[in-house]
Amino acid sequence: MEPEPGAVGPARALEPLRYLREALRAALSRIREGESRESNETFEQQRFWDTLGQTFKATSQEATKLSLAFSRPPLPSAEDCQKLSDGVQNAVLAAATVYYWLPKDQGTTLRKMVRDAAAEVLEGMIQLTDVILSTSLQSLSQEQLISTGSIWEACEQISHLPQDNQAAVLSAMSTYVGVVRDAVEEMEQAQGEDQDPYSDIMEDEELGSRGNRDTYWSEADRKLLGPCMGLMKASKACLKKLLGAVKVHGKADTPEHVAQLDDLADITNEISPSVDELALSMYPPMNQLAVRLNAAKLASILKKVLEITKGSHVCPPSEEGWVQFLTGAVDHNMDKIKDFTQSEL
């Protein structure tokens, strides 16, 4: 095999690193595609998290050793390079093995978060080996420092992961709430900017003439904006209320409860992209038919979220009021949108 460009010293000394890189890529591929191993053993939650934390701490330490060994001349011998590579590979494979202990019945949302965190560590380790193999090893490069630091951060992040499916779903939903809140605030700001939603990004000279109607909403457009904003606000309210319900009533104590939480996480994940699509179609020049179609898609998702919520354990009688209210609000706003766009059909 030809030496990497800029590599210092005999190519043979770096050979173990090249094999390590391939082994890491294979491990990453398995983690991304692999399923948990079926086992009749009882899942011990605390043992799992303790062991996972230990294996990623060991991975972080091995990454540091590897980075330091290649931070200045002389290059490690082939034997030392082999030991370093073995240390990294053993630590990474141990961490991957522990990940597979996490059974599906603990929740797909939780498994995805653990899998993504493990994949981030592996990606960082692959990047570090890439940097070492492709840069001139006269001194510790900025890229090597960044790669090593990213591995430390990714390994540290493992200890902050949610430890059951209720916590995982809460974490996911909190992210969705933030994204939808930002979209609502951005559209409110656009509507308040003296009739021109592009005023913050386009100057007079760029527009040529302020009479360019393509940057303004017509009177008919403005009528349609009201119920569209109503749908966007209903999306935000739905996510906030559901987040509160999952926090208070959500449980990960039975396979049925775990599965219900996963269903809620999956369907609420569809709200934010649909809100963004509606918001983008609301900017002038407005195609009212496109707005109607995007609004109908969002309304359909919200109705499904509310339906799944109502049939789940996070919705005892004390939570039914807001579910019913928001169902009515979605229907009311969608009826208005249909009325205002009837002529477009």
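Along every chain, residues carry numbers that run from 1 in the direction the sequence is written. Local features in this predicted model are restricted to residues of pLDDT 70 or higher, and side-chain atom pairs are both shown and tallied only at a pLDDT of 80 or more, whereas totals for entire chains, interfaces and linings draw on every residue. For the side-chain quantities, the full set of heavy atoms in the structure was used; hydrogens and water were omitted.

Topic: the overall build of the protein chain
Where we set the bar: A helix here means a DSSP run of H or I that spans at least four residues, while a strand means a run of E at least two residues long, and both kinds are numbered starting from the N terminus. The buried label goes to any residue with under 20% of its type's maximum accessible area, the exposed label to any with over 50%, and the partly exposed label to all in between, with areas taken from a 1.4 Å probe on protein chains only. Whether two residues touch is decided by their heavy atoms; if any such pair falls within 4.5 Å, the residues are in contact. A 1.4 Å probe and the Shrake-Rupley method give the accessible areas. Residues count as covered only by the protein chains that appear here.
Of the regular secondary structure elements, the protein chain holds twelve helices and zero strands. Overall, the protein chain shows an N-to-C arrangement of helices and strands of α-α-α-α-α-α-α-α-α-α-α-α. Across the 345 residues in the protein chain, those meeting the buried criterion constitute 47%. Of the contacts formed within the protein chain by residues at least 6 apart in sequence, a portion of 80% connects residues at least 24 apart. In the form shown here, the protein chain has an accessible surface area of approximately 17,500 Å², with 50% of it arising from carbon and sulfur atoms.

Regarding the nonpolar core
Test applied: Side-chain atoms within 4.5 Å link the members of a nonpolar core, which is a set of buried Ala, Val, Leu, Ile, Met, Phe, Trp, Tyr and Cys residues.
Counting residues in hydrophobic clusters, the biggest one holds 52 residues, and the most contacted among them are Met-187, Leu-231, Met-232, Val-246, Ile-271 and Leu-278. Within the residue set of this core, elements represented by two or more residues are helix H6 (165–191), helix H8 (219–249), helix H9 (255–268), helix H10 (271–282), helix H11 (288–310) and helix H12 (320–340). With 13 residues, H8 is the single largest residue contributor to this core. If we ignore the near neighbours within four places in the chain, the residues touching Leu-231 are Leu-278, Ala-295, Leu-298, Ala-299, Leu-302, Val-330, Asn-333, Met-334 and Ile-337.

Quick word on the pattern of salt bridges
Inclusion rule: By definition here, a salt bridge exists when the distance from a side-chain nitrogen of Lys or Arg to a carboxyl oxygen of Asp or Glu is within 4 Å.
By the definition in use, this model includes eleven salt bridges. Linking Glu-62 and Lys-65 is a salt bridge whose minimum nitrogen-to-oxygen distance equals 3.2 Å. Here Glu-62 and its partner Lys-65 are both found in helix H2 (residues 45–69), three residues apart, which amounts to about one turn of the helix. What makes Glu-62 buried here is its relative accessible area of 16%. For Lys-65, a relative accessible area of 45% puts it in the partly exposed group. Among the ionic pairs, Glu-277 bridges to Lys-297, the shortest N-O distance being 3.3 Å. Of this pair, Glu-277 sits in helix H10 while Lys-297 sits in helix H11; the two residues are 20 residues apart in sequence, bridging distant segments of the chain. The exposure class assigned to Glu-277 is partly exposed, which follows from its relative accessible area of 33%. Via salt bridges that share partners, Arg-21, Glu-22, Arg-25 and Asp-130 belong to a single interconnected network.

Overview of the packing of aromatic side chains
Spelled out, the test is: For this analysis, a ring pair means two rings from Phe, Tyr or Trp (six-membered ring only for Trp) whose centres lie within 6.5 Å, classed as stacked if their planes differ by under 30 degrees, edge-to-face if by over 60, and tilted for the remaining angles.
The final tally for this structure, using the stated rule, is four aromatic pairs. With 5.6 Å between their ring centres and 55 degrees between their planes, Phe-43 and Phe-48 make a pair best called tilted. Judged by its relative accessible area of 22%, Phe-43 falls in the partly exposed class. Pairing Trp-217 with Tyr-283 gives two aromatic rings, centres 6.5 Å apart and planes at 25 degrees, and the pair type is stacked. One end of the pair, Trp-217, is in the loop between helix H7 (204–207) and H8; the other, Tyr-283, is in the loop between H10 and H11, with 66 residues separating them in the sequence. Taking the relative accessible area as the measure of exposure, Trp-217 reaches 3% and is therefore buried. Since its relative accessible area comes to 16%, Tyr-283 is described here as buried.

Section: H11
Filter applied, for reference: Expected span, for any helix, means 1.5 Å times one less than how many residues it has.
Look at H11: 32 Å from first C-alpha to last across 23 residues, which is about the 33 Å you get at 1.5 Å a residue. Of the residues making up H11, those classed as buried are Gln-288, Val-291, Arg-292, Asn-294, Ala-295, Leu-298, Ala-299, Ile-301, Leu-302, Val-305, Leu-306 and Thr-309. For H11, the elements touching its buried residues are H8, H9, H10 and H12.

Re the packing of H6 against H10
Formally: To get an axis, a line is fitted to the C-alpha atoms, and for a helix only the part in contact is used. The angle between two axes follows their N-to-C directions and goes from 0 to 180 degrees. In what follows, roughly perpendicular refers to angles from 65 to 115 degrees, roughly parallel to angles under 35, roughly antiparallel to angles over 145, and oblique to any angle outside these ranges. Here is the rule for handedness: rotate from the far helix to the near one, and if that takes an anticlockwise turn smaller than a right angle the crossing is left-handed, while a clockwise turn gives right-handed. For this scheme, ten residues count as nonpolar: Ala, Val, Leu, Ile, Met, Phe, Trp, Tyr, Cys and Pro. Four count as charged, namely Asp, Glu, Lys and Arg, and the remainder, Gly too, count as polar.
Axis separation between H6 and H10 bottoms out at 9 Å; the angle between their running directions is 15 degrees. Accordingly, the angle class assigned to the pair H6 and H10 is roughly parallel. The two elements H6 and H10 cross, and the hand of that crossing is left-handed. Contacts between H6 and H10 involve Val-179, Val-180, Ala-183 and Met-187 from the former and Ile-271, Ser-272, Val-275, Asp-276, Ala-279 and Met-282 from the latter. Per-class residue counts for the contact of H6 with H10 are eight nonpolar, one polar and one charged.

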